[in-house]
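In case you want the letters, here they are:
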Amino acid sequence: FDKDYRFPVPNDEGINGGREYTLTDQEIQAIQAYGVDYDPYYDDPYTLEELPPGHEVDNVRIDKVFGDHVYVSGRTMEIFYKDQDSGLFFRQGSRP
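Residues numbered from 1 in each chain as written. Predicted model: local features only at pLDDT ≥ 70, side-chain atom pairs only at ≥ 80, totals over all residues. Heavy atoms only, no water.

J.: When you look at the pairing of strand β1 (residues 59–62) in this model, what are you seeing that I'm missing?
T.: Consecutive residues of a regular strand have side chains that alternate between opposite faces of the sheet. As paired elements, β1 and strand β2 (residues 69–73) share 4 bridges and run antiparallel to each other. The partner of asparagine 59 across the bridge, within β2, is valine 72. Hairpin connection from β1 to β2: 6 residues lie between these consecutive antiparallel strands, with glycine 67 at a positive phi of about 85°. (Pairing = 2+ DSSP bridges. Helix = DSSP H or I, 4+ residues; strand = E, 2+ residues; numbered from the N terminus.)

Right, here's the structure in full:
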């Protein structure tokens, strides 16, 4: 898989890019406390509407128990885990 590829996501331009949900300053500081730079593409949560459209990938699998979304396109795979409390989705590896 191509780990450097970024799936296209609506409103994904610059910091926050007009997205509805972003991390708070405290959450960003918690990420940076681990020595990791904050990257809104990876770290900010996504609504269902903000997930990559299915027509731009070869295969979309939705976990029937947890609601996680797995996108496969060519040699690239992207996983979005659904937070059961908020209903928002987080990219694999985005939450410490």
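J.: Got a minute to help me understand the sheet that holds β1 in this structure?
T.: Adjacent strands of a sheet pair through backbone hydrogen bonds, lying either parallel or antiparallel. Here 4 strands make up an open sheet; going across it, the order is β1-β2-β3-β4 and the pairing antiparallel. Each edge of the open sheet is held by one strand with a lone partner, namely β1 and β4 (89–91). Mean inter-strand twist for the sheet, computed between neighbouring axes without regard to direction, equals 20°. (Axes fitted to C-alpha atoms, helices over the stretch in contact; angles between N-to-C directions.)

J.: Sorry, what's going on with the environment of tyrosine 21 here?
T.: Residue position: tyrosine 21 is located in the segment before α1 (25–32). As for tyrosine 21 and aspartate 44, which are separated by 23 residues in sequence, their C-alpha atoms are 7.0 Å apart. Here tyrosine 21 is in contact with Asp44, Pro45, Thr47 and Leu88, once residues within four sequence places are set aside. (Contact = heavy atoms within 4.5 Å.)

J.: I keep staring at the pattern of salt bridges and nothing clicks. Help me out?
T.: Applying the stated criterion to the full structure yields 1 salt bridge. Glutamate 78 is the salt-bridge partner of arginine 91, the closest N and O atoms lying 3.0 Å from each other. With arginine 91 in strand β4 and glutamate 78 in strand β3 (residues 76–82), this pair connects stretches of sequence that are 13 residues apart. (Salt bridge = Lys/Arg side-chain N within 4 Å of Asp/Glu carboxyl O.)

J.: I keep staring at the side chain of aspartate 83 and nothing clicks. Help me out?
T.: Structurally, aspartate 83 can be placed in the loop between β3 and β4. A polar contact is formed between the side chain of aspartate 83 and the backbone nitrogen of aspartate 85, at a distance of 3.2 Å. (Polar contact = N/O pair within 3.5 Å; in protein donor to acceptor, adjacent residues only side chain to side chain.)

J.: Before we go on, may I ask you to explain the nonpolar core in this structure?
T.: Side chains of nonpolar character tend, in soluble globular proteins, to be buried together. Judged by nonpolar contacts, Tyr41, Tyr46, Leu51, Tyr71, Phe80 and Phe89 together constitute the single largest core of 6 residues. With near-sequence residues (within four places) excluded, phenylalanine 89 lies in contact with Pro45, Tyr46, Thr47, Leu48, Leu51, Gly67, His69, Phe80, Tyr81 and Lys82. (Core = buried A, V, L, I, M, F, W, Y, C linked by side-chain atoms within 4.5 Å. Buried < 20%, exposed > 50% of the residue type's maximum accessible area, 1.4 Å probe, protein only.)

J.: Would you explain the packing of aromatic side chains in this entry?
T.: Describing an aromatic ring pair means giving the distance of the ring centres and the angle of the ring planes. Enumeration according to the criterion identifies 2 aromatic pairs in this entry. Between the aromatic rings of tyrosine 46 and phenylalanine 80, the centroid separation amounts to 5.4 Å while the plane-to-plane angle is 80°, which identifies the pairing as edge-to-face. Of this pair, tyrosine 46 sits in the loop between α2 (40–43) and β1 while phenylalanine 80 sits in strand β3; the two residues are 34 residues apart in sequence, bridging distant segments of the chain. Grouping residues by exposure puts tyrosine 46 and phenylalanine 80 together as buried. Relative to phenylalanine 80, the ring of tyrosine 71 has its centre 5.8 Å away and its plane inclined at 85°; by these criteria the two rings are edge-to-face. Each member of the aromatic cluster is reached from another via a ring pair, and the members are Tyr46, Tyr71 and Phe80. (Phe/Tyr/Trp six-rings, centres within 6.5 Å; stacked < 30°, edge-to-face > 60°.)

J.: I'm lost on the pairing of β3 in this one. Help?
T.: Pairing between β2 and β3: 5 bridges, direction antiparallel. Residue tyrosine 71 lies in a different strand from β3, and its bridge partner there is glutamate 78. Here β2 hands over to β3 after 2 residues, with glycine 74 in that stretch at a positive phi of 60°. If you look at the hairpin formed by β3 and β4, you'll find 6 residues sitting between the two strands, and glycine 87 has a positive phi there, around 80°.

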